[in-house]
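# Residue-level structural notes
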Amino acid sequence: MTDNPTRQQLLLPVKPWFIIFSIVVALAINFIPLGRLAWRPDILAVVLVFWCVHQPRKLRFSIAFMLGLCMDVHQGVLLGQHAMAYVLICLFAAAGARRVSWFDLKGQMLHMMPLFFLLHAIEIMLHWIKGDPLIGWTVIGAPLIETLLWPLADWILLAPQRRVPSKDSL
């Protein structure tokens, strides 16, 4: 753990509509038809994990499950594949939320990397069980990119909470 003065900043409460908005935008980004690239990051997973770490009581696992089903239908894969993966990574993220919040961004990235690898390992395992050919080494790129997106997610998703409250509201 490092003493980072920027992490000690008190944040304003998050608005529920902003959480919903960020999840809808992430889902829309995932829906962009770029083909089936093995290294393509799952933006929705990054946003779900982010909110499970920063607001573990505001994001329910049922929402992660439903969003996973939406991704399954969109990608035409085994129904429940993304749903199971999203619920598991949200469960692990929420379980470690208090611990992760004490670390700076680099420490948080190191904690998030195994979750993103788990997400893609579940998908690979289910493809393998189904009898699909194994994906090559390019699949390692997706969790690495998702881990590198963590500071960007932190900067964007916490920006509305970093506003200085007006003197009238104090």
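Criteria and thresholds
- Once a new chain begins, its residue numbering starts again from 1 and follows that chain's sequence as written.
- At least 70 in pLDDT is required for a residue's local features to be given in this predicted model, at least 80 for side-chain atom pairs to be given and counted, and no such filter applies to totals for whole chains, interfaces and linings, which use all residues.
- Each side-chain value is worked out from all heavy atoms of the structure, with water and hydrogens disregarded.
- To define a nonpolar core, start from buried Ala, Val, Leu, Ile, Met, Phe, Trp, Tyr and Cys residues and group those joined through side-chain atoms within 4.5 Å.
- Relative accessibility under 20% of the residue-type maximum defines a buried residue, over 50% an exposed one, and the middle range a partly exposed one, all with a 1.4 Å probe and only protein chains included.
- By the criteria applied, helices consist of DSSP H or I runs no shorter than four residues and strands consist of E runs no shorter than two, each listed in order from the N terminus.
- Two residues form a contact once any of their heavy atoms are found within 4.5 Å.
- The working definition used for a salt bridge is a side-chain nitrogen of Lys or Arg within 4 Å of a carboxyl oxygen of Asp or Glu.
- UniProt positions are given in the numbering used here, feature names are shortened, and annotations may be inferred rather than shown by experiment.
- Stacked, tilted and edge-to-face are the three classes applied to pairs of Phe, Tyr and Trp rings, where Trp contributes its six-membered ring and a pair requires centres within 6.5 Å; stacked means planes under 30 degrees apart, edge-to-face means over 60, and tilted covers the rest.
- Axis geometry follows a simple rule: fit a line to the C-alpha atoms, using only the stretch in contact for helices, then measure angles between N-to-C directions, giving values from 0 to 180 degrees.
- Here the angle decides the label: under 35 degrees means roughly parallel, over 145 means roughly antiparallel, 65 to 115 means roughly perpendicular, and every other value means oblique.
- Only Asp, Glu, Lys and Arg are considered charged in this grouping, and only Ala, Val, Leu, Ile, Met, Phe, Trp, Tyr, Cys and Pro are considered nonpolar; every other residue, Gly among them, is considered polar.

### Section: the nonpolar core
Counting residues in each nonpolar core, the largest one holds 38 residues, and the members touching the most others are Ile23, Leu44, Leu48, Val49, Trp51 and Tyr86. Residue contributions to this core peak at 11 residues, all from helix H2 (residues 43–54). Those residues in contact with Leu44, other than ones at most four positions away along the chain, are Ile23, Ala26, Leu27, Asn30, Leu67, Met71 and Tyr86.

### Considerations on the side chain of His120
With respect to the helices and strands, His120 occurs in helix H6 (residues 105–130). Among the residues examined, His120 registers a relative accessible area of 7% and is labelled buried. In this structure, His120 is in contact with Ala142, Pro143 and Glu146, ignoring residues within four places of it in sequence.

### Some thoughts on the pattern of salt bridges
Pairing between side chains becomes possible if they bear opposite charge and their charged atoms approach one another. Under the defined criterion, the tally for this structure stands at two salt bridges. Here Asp132 ties to Lys130 by a salt bridge, and the two come within 3.4 Å at their closest N and O atoms. The exposure class of Asp132 is partly exposed, given its relative accessible area of 27%. Relative accessible area serves as the criterion here: at 41%, Lys130 is assigned to the partly exposed category. A salt bridge links Arg162 to Asp154; its shortest N-O distance comes to 3.2 Å. Judged by its relative accessible area of 26%, Arg162 falls in the partly exposed class.

### Notes on the UniProt feature "transmembrane region" (unreviewed entry) in the protein chain
According to UniProt, the positions carrying the feature "transmembrane region" (unreviewed entry) are residues 17–39, 83–100, 112–129 and 135–158. Along residues 17–39, the helical share is 61% and the strand share 0%, with 31 Å between the first and last C-alpha atoms. Here residues 112–129 is 100% helix and 0% strand, with 26 Å between the C-alpha atoms at its ends.

### Some remarks on the packing of aromatic side chains
On inspection of all chains with the given rule, the structure shows four aromatic pairs. Here the aromatic rings of Trp17 and Phe18 are separated by 6.0 Å at their centres, their planes lie at 90°, and the arrangement is edge-to-face. Relative accessible area serves as the criterion here: at 12%, Phe18 is assigned to the buried category. Ring centres 5.1 Å apart and planes at 80° place the aromatic pair Phe50 and Trp51 in the edge-to-face group. The residues Phe50 and Trp51 share a single accessibility class, namely buried. Following the ring pairs from residue to residue traces out a cluster consisting of Trp17, Phe18, Phe50, Trp51 and Trp150.

### Let's talk about the packing of helix H1 (residues 16–30) against H2
Direction vectors running N to C along H1 and H2 enclose 160°, while the axes themselves pass 7 Å from each other. Judged on the interaxial angle alone, H2 and H1 are roughly antiparallel. In contact with Phe18, Ile19, Ser22, Ile23, Ala26, Leu27, Ile29 and Asn30 of H1, H2 contributes Ile43, Leu44, Val47, Leu48 and Trp51. Considering only residue class, the contact of H1 with H2 consists of 11 nonpolar, two polar and no charged.

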